[in-house]
Amino acid sequence: MLKKSVVLNNGVSMPSLGLGTSLRNKPNKVDNQQFVESVKHALKTGYRHIDTAKCYNNEHLIGQAIRESNIDRKDIFLVTKLFPDDMGFDKTLKAFDKSCKQLQVDYIDLYLIHFPAKIRGQNNDVEKSRQLRLDTWKALEKLYSDGKCRAIGVSNYMPRHLEEIFDAGMTVPSVNQCEFHPYYNNKGLYEYCNKLGIQFEGYSPLGKGNLLNDNIVLDLSKKYSKSCAQILLNWSLRNNVATIPGSTNHERIEENSDIFDFSLSDEDVSLLWTLNKNEKVSWDPTNIV
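Residues numbered from 1 in each chain as written. Predicted model: local features only at pLDDT ≥ 70, side-chain atom pairs only at ≥ 80, totals over all residues. Heavy atoms only, no water.

Novice: Any details on the packing of helix α1 (residues 32–45) against helix α2 (residues 59–69)? Residues and values, ideally.
Specialist: Two numbers describe how α1 lies on α2: the axes approach to 9 Å, and their chain directions differ by 50°. Put simply, α1 runs oblique to α2. Crossing handedness for the pair α1 and α2: right-handed. Note on element contacts: α2 touches α1 through Leu61, Ile62, Gln64, Ala65, Ile66, Glu68 and Ser69, opposite Asn32, Gln33, Phe35, Val36, Val39, Lys40 and Leu43. For the contact of α1 with α2, the per-class residue count stands at eight nonpolar, four polar and two charged. (Axes fitted to C-alpha atoms, helices over the stretch in contact; angles between N-to-C directions. Helix = DSSP H or I, 4+ residues; strand = E, 2+ residues; numbered from the N terminus. Parallel < 35°, antiparallel > 145°, perpendicular 65-115°, else oblique. Left-handed = near helix turned anticlockwise from the far one by under 90°. Contact = heavy atoms within 4.5 Å. Nonpolar A, V, L, I, M, F, W, Y, C, P; charged D, E, K, R; others polar.)

Novice: An account of the sheet that holds strand β5 (residues 77–82) is requested, with residue identities and associated values reported.
Specialist: Strand order in the open sheet made by the eight strands is β3-β4-β5-β6-β7-β8-β9-β10, with parallel pairing throughout. What marks the edges here is a single partner per strand, and that holds for β3 (19–20) and β10 (242–243). (Pairing = 2+ DSSP bridges.)

Novice: Describe the nonpolar core, and please don't skip the residues or the numbers.
Specialist: With 71 residues, the main nonpolar core has Ile108 and Tyr111 as its most contacted residues. Those residues in contact with isoleucine 108, other than ones at most four positions away along the chain, are Arg73, Leu78, Thr80, Phe96, Cys100, Leu103, Lys148, Cys149 and Arg150. Core analysis: the second largest hydrophobic core is formed by 11 residues, Leu8, Leu110, Val175 and Ala242 among them. (Core = buried A, V, L, I, M, F, W, Y, C linked by side-chain atoms within 4.5 Å. Buried < 20%, exposed > 50% of the residue type's maximum accessible area, 1.4 Å probe, protein only.)

Novice: Report on the pattern of salt bridges, specifying residues and quantitative values.
Specialist: Applying the stated criterion across every chain yields a total of 16 salt bridges. Across the salt bridge formed by lysine 54 and aspartate 86, the nearest N and O atoms sit 2.7 Å from each other. Residue lysine 54 is found in the loop between β4 (49–51) and α2, and its partner aspartate 86 is found in the loop between β5 and α3 (89–103); the two are separated by 32 residues along the sequence. Aspartate 97 serves as the salt-bridge partner of lysine 148, at 3.8 Å between the closest nitrogen and oxygen. Linking lysine 148 in the loop between α4 (126–145) and β7 (149–155) with aspartate 97 in helix α3, this pair joins segments that are 51 residues apart in sequence. For lysine 148, a relative accessible area of 31% translates into the label partly exposed. It is possible to trace a salt-bridge network through shared partners that takes in Glu37, Lys40 and Glu68. (Salt bridge = Lys/Arg side-chain N within 4 Å of Asp/Glu carboxyl O.)

Novice: Go over the packing of helix α7 (residues 215–224) against helix α8 (residues 228–238), please, and point to the residues and values.
Specialist: One way to put it is that α7 packs onto α8 with a least axis distance of 8 Å and a crossing angle of 95°. Put simply, α7 runs roughly perpendicular to α8. Contact residues: Val217, Leu218, Leu220, Ser221 and Tyr224 in α7; Cys228, Ile231 and Leu232 in α8. Its residues assigned to classes, the contact of α7 with α8 shows seven nonpolar, one polar and no charged.

Novice: For the packing of aromatic side chains, give the residues involved together with the corresponding values.
Specialist: In this structure the tally under the stated criterion is nine aromatic pairs. Ring centres of tyrosine 190 and tryptophan 273 lie 5.3 Å apart, and the angle between their planes is 50°; on these two criteria the pair is classed as tilted. You can see tyrosine 190 sitting in helix α6 (residues 187–196) and its partner tryptophan 273 sitting in helix α10 (residues 266–273), a full 83 residues away along the chain. In this structure, tyrosine 190 and tryptophan 273 share a single accessibility class: buried. An aromatic cluster of at least three residues, connected via ring pairs, comprises Phe180, Tyr190, Phe200, Trp235 and Trp273. Over the ring of phenylalanine 260 we find lysine 4, and its NZ or CZ is 5.4 Å from the ring centre. Taking NZ or CZ as reference, arginine 73 lies 4.0 Å from the ring centre of tyrosine 107, over its face. (Phe/Tyr/Trp six-rings, centres within 6.5 Å; stacked < 30°, edge-to-face > 60°. Lys NZ or Arg CZ within 6 Å of the ring centre and 35° of its normal.)

Novice: Run through the environment of isoleucine 66, naming residues and quoting values.
Specialist: When you line up the elements, isoleucine 66 lands in helix α2. Classification of isoleucine 66 by relative accessible area gives buried; the value is 8%. Between the C-alpha atoms of isoleucine 66 and isoleucine 50, which are 16 residues apart in sequence, the distance is 9.6 Å. Leave out the neighbours within four places in its chain, and isoleucine 66 touches Leu43, Ile71, Ile76 and Leu78.

Novice: Any chance you could break down the side chain of histidine 114 for me, citing the residues and the numbers?
Specialist: Within the secondary structure, histidine 114 is located in the loop between β6 (108–113) and α4. On the basis of relative accessible area, histidine 114 is assigned to the buried category, the value being 5%. Non-local contacts of histidine 114, meaning those with residues more than four positions away in its chain, are made with Ala53, Cys55, Tyr56, Lys81, Leu82, Pro84, Ser155, Asn156 and Trp283.

Novice: Explain unusual backbone geometry residue by residue, including any values.
Specialist: The residue asparagine 156 is not glycine, and still its phi comes out positive at about 65°. As for its placement among the helices and strands, asparagine 156 is situated in the loop between β7 and α5 (159–167). One non-glycine residue, lysine 208, adopts positive backbone phi at about 55°. One can find lysine 208 in the loop between β9 (199–203) and α7.

Interpretation note: all reported values are geometric properties and have no functional meaning in isolation.
Structural data, given as structure tokens:
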């Protein structure tokens, strides 16, 4: 059977399935109350891992949903991310405190650097970019040592960005959250993180819907009597990749969680790996110095 949780390299347990919440900024976004109700429904359905970020502009709404759910804070694994333009030691500490205030919590379970560079005014100076990342990581180390977050990690980091941390003798990240689906399986980075004990976590696990009409995925859907989305999410978990599908539709939220009663065969897991097209649907950190 699939694992319902993964143990990070610092011993903290993280649910392997989470609710992604970046969808609120898309063209089909729902209003604030509908969004709050969707998060509450996910918690009622059994989700205990909620993923957000400052740049999603919904931390305050997630805080409201958690409060109204009447579920103990300690039973929810809450993830948020540092906005890229808030990178730097002091700015990171201030941004973290602001996120906690928005979420109405006094600690974060997992705090991530969202992207390895600022969005505005990206610096092409390799040394300045490296130092900015290291100063930011030093701030996350302080937050962790101060007990303000239970684990720290990164998002969209390539091997060279991770190597900067290792070369500086700093704490190994617990998580690297990156795009991961059969059309963009990120295999080299996935294997690199696995080798180093960094939990790989995938966002956009359905390729933003592009995979739902793939013939092989459709065939597997019929074979297992599961939806295409369930096939793809099961594939992530079979590869020990934590996954955070996003939806505000109550039925899809339930459907996405109903993936633990079957397991793709080794052959079908391998088959889905062959679909890779290096087709990204989100941020591309490849050329970030």
